[in-house]
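# Coordinates in review
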Amino acid sequence: MRDYSETVMETAPQVFISYASADKPIADRVCETLEKAGLPCWIAPRDIPPSADYPAAIVEAVRSTHVLVLLLTEHATASPHVLSEVGHAFNGKKRIIPFRLSTAPLPEDLEYFLSLTQWLDAPEGCTDGSLKRLTDATRGALAGEKAALRTVLVKQNARWLAMAVALLVVMAGAFIAWRSRRARAEKPTPSAGLPTTSSPSGNGTASETSGAAAKAKTWVNPVDGQVYAWIPPGEFTMGCSEADSECTDDEKPAHPVNIDQGFWLGQTEVTLAAYRKYAAQHGVEAPAGAGDLPATGVTWAEAKTYCRAVGGRLPTEAEWEYAARGGNPHAYYSVVPEIAWYAANSGNGPHPVGKKKPNAYALYDVLGNVREWVLDRYFNKYDPSAPATGQSVEQPLAPNASTVARGGFWESEAAAIRVSHRSELALDSADPSIGWRCANDHR
């Protein structure tokens, strides 16, 4: 039997779509997607009755719906109507989901209304993948509203029950009332634990890291001074991510891969400081630049030689993608501007390593900043039966072979820094957009 709260939630539009008029095609697509998923929407002008007062209809719609989806674009940040709608939702304690399609700065009032709201970033645009994430977020928000409505109904019933009990208590006498008050006063309040963190240590020792990668182990390679993160063994789906509409043919077929041995992987790209240390010892010319910038301008073979010289190796393509995902099956492991230097925020150049948020394995800059060499030879589609790890992985040793770089770089658009994106490069490429990080099987 359906309860009253479910009936209330489903007899009227549940989602208010707030958008600037210039973004109507996007708003219509969002509305269509949500309603196909069974989430009834209110959207202007479709749902404004004939001859109705437009502002009054908007205010009533915000009041009567449960979630406001904000299409956050450059047009929306300049729209007084959007600001008004978000303000009414904020004052009405409605759930707000900003679907951020632009990184344009927010006006002060709008920023205030959204300051405590978790944003849904979609720098790749209104794609099938971003719409799926929006649908999931909206459904989750509505599920929370249903739970809240049930709580209100329970509290209303409990209030009537409490009045009846109070009357009985009064009739039973002061002694029972006193016992009841004491019992309520002695009800314990649960305490909340505080998370603890610890700092990495150096000189070849393992340690715990904090933040998003709180359980990740790190190790400092005494040869080059680079910090390495431990990548545990496991399984994942390599190639085109679920619901990713940007995939190209060379990212297919998506296929399961087993990483049967854990390994260490450079927490950042090899830095110029580390490369200069190596260059001084081996008579190699090192590029100029700040020491905390990623080293670039090195061919695949030279990167491979460096890794071998510091006791490691280039990661295989499967190892790189497994580590870059950090257990996340989506095209990006978090909000793109927070984890990557790319065309929208790089200022047309590389940045010092480790300044963006790491993934769950404590790896920085695996997306954006500079592309990264991997061990494998490039083929224009995956062979799921080919070795993905170990010495049998095919390398670009034939004269006509191409190499692979992963992760995109500072001039890449968002679609080209997806975790499954691949770059085919000539064997002798030594581009300033290509760096690398080493793997190490140290135990």
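It should be emphasised that the depicted structure is a prediction, and the values quoted were computed from it without experimental measurement. Counting from 1, residues in each chain are numbered in the order their sequence is written. Selection of residues for local features in this predicted model requires a pLDDT of at least 70, selection of side-chain atom pairs for listing and counting requires 80 or more, and totals for whole chains, interfaces and linings are taken over all residues. To obtain the side-chain values, all non-hydrogen atoms of the structure were included, while hydrogens and water were left out.

Here we come to the side chain of Asp121. The helix and strand labels rest on DSSP assignments: H or I over at least four residues marks a helix, E over at least two residues marks a strand, and numbering proceeds from the N terminus. By the secondary structure assignment, Asp121 is in strand 5 (residues 120-121). A simple rule labels every residue: compare its accessible area, found with a 1.4 Å probe on the protein chains alone, to the largest value its type can have, and call it buried under 20%, exposed over 50%, or partly exposed in between. A relative accessible area of 11% places Asp121 in the buried class. Any two residues whose heavy atoms approach within 4.5 Å at even a single point are treated as in contact. In contact with Asp121, other than residues within four places in its own chain, are Arg100, Arg133 and Val335.

Bringing the pairing of strand 4 (residues 95-100) into the picture now. By the criterion of burial, strand 4 is predominantly enclosed, with 5 of the 6 residues buried. Of the strand pairs in this sheet, strand 3 (residues 67-72) and strand 4 are connected by 6 bridges, and their pairing is parallel. Looking across to strand 4, one finds that Leu70 is bridged to Pro98. By the bridge criterion, 2 bridges tie strand 4 to strand 5 in an arrangement that is parallel. Its bridge partner lying in strand 5, Arg100 is registered against Asp121. Criterion used throughout: strands pair if DSSP finds at least two bridges between them.

For the rest of this paragraph, the subject is the nonpolar core. Note that soluble globular proteins tend to have their nonpolar side chains buried in a common cluster. To define a nonpolar core, start from buried Ala, Val, Leu, Ile, Met, Phe, Trp, Tyr and Cys residues and group those joined through side-chain atoms within 4.5 Å. Core analysis: the biggest nonpolar cluster contains 34 residues, and Ile231, Leu363 and Leu367 have the highest contact counts within it. Sorting the residues of this core by element identifies strand 8 (227-231), strand 9 (234-238), strand 10 (255-259), strand 11 (263-266), helix 11 (317-325) and helix 12 (336-339) as the ones contributing at least two each. With residues near it in sequence (within four places) discarded, Leu367 still touches Trp320, Tyr332, Tyr333, Ile339, Ala340, Trp341, Gly407, Ile417, Arg418 and Val419. One finds Val270, Leu272, Ala303 and Ile434 within the second-largest nonpolar core, a separate group that totals 25 residues.

Here the focus is unusual backbone geometry. Note that the residue after Ala44, namely Pro45, is joined by a cis bond; omega there is 0 degrees. Residues Lys252 and Pro253 are joined by a peptide bond in cis, for which omega reads -5 degrees. Structurally, the position occupied by Pro253 is in the loop between strand 9 and strand 10. The phi dihedral of Lys93 falls on the positive side, at around 55 degrees, and the residue is not glycine. Inspection of the secondary structure assignment puts Lys93 in the loop between helix 5 (80-91) and strand 4. Despite not being glycine, Asn369 shows a phi value in the positive range, around 70 degrees. Note on Asn369: relative accessible area 0%, which makes it buried.

Turning to the state of the cysteines, a few remarks are in order. Cysteine sulfur atoms that come within 2.5 Å of each other are treated as a disulfide pair. A full pass over the atoms with the stated rule returns 2 disulfides. With its sulfur 2.1 Å from that of its partner, Cys240 forms a disulfide with Cys247. Measuring the twist about the S-S bond at about 90 degrees, one finds the Cys240-Cys247 disulfide to be right-handed. As far as the burial class goes, Cys240 and Cys247 line up, both buried. Paired by a disulfide, Cys307 and Cys438 hold their sulfur atoms 2.1 Å apart. The S-S bond linking Cys307 to Cys438 shows a torsion near -85 degrees; that makes this disulfide left-handed. Of this pair, Cys307 sits in helix 10 (residues 300-309) while Cys438 sits in the loop between strand 15 (434-435) and strand 16 (439-440); the two residues are 131 residues apart in sequence, bridging distant segments of the chain. Cys438 sits in the buried class, given a relative accessible area of 2%. Here the bonded cysteines of the protein are numbered in sequence order, and their pairing is 1-2, 3-4. No disulfide involves Cys31; its nearest neighbouring cysteine sulfur is the one of Cys41, lying 4.3 Å away.

To get an axis, a line is fitted to the C-alpha atoms, and for a helix only the part in contact is used. The angle between two axes follows their N-to-C directions and goes from 0 to 180 degrees. Two numbers describe how helix 3 (residues 54-64) lies on helix 5: the axes approach to 9 Å, and their chain directions differ by 35 degrees. Here helix 3 runs over helix 5; the crossing is right-handed. Between helix 3 and helix 5, the contacting residues are Ile58, Val59 and Val62 on the first element and Glu85, His88 and Ala89 on the second. Polarity classes work like this: nonpolar for Ala, Val, Leu, Ile, Met, Phe, Trp, Tyr, Cys and Pro, charged for Asp, Glu, Lys and Arg, and polar for all others, with Gly in that last group. A class-by-class count of the residues in the contact of helix 3 with helix 5 yields 4 nonpolar, 1 polar and 1 charged. Crossing handedness is defined as follows: a turn of the near helix away from the far one that is anticlockwise and smaller than a right angle gives a left-handed crossing, while the clockwise case is right-handed.

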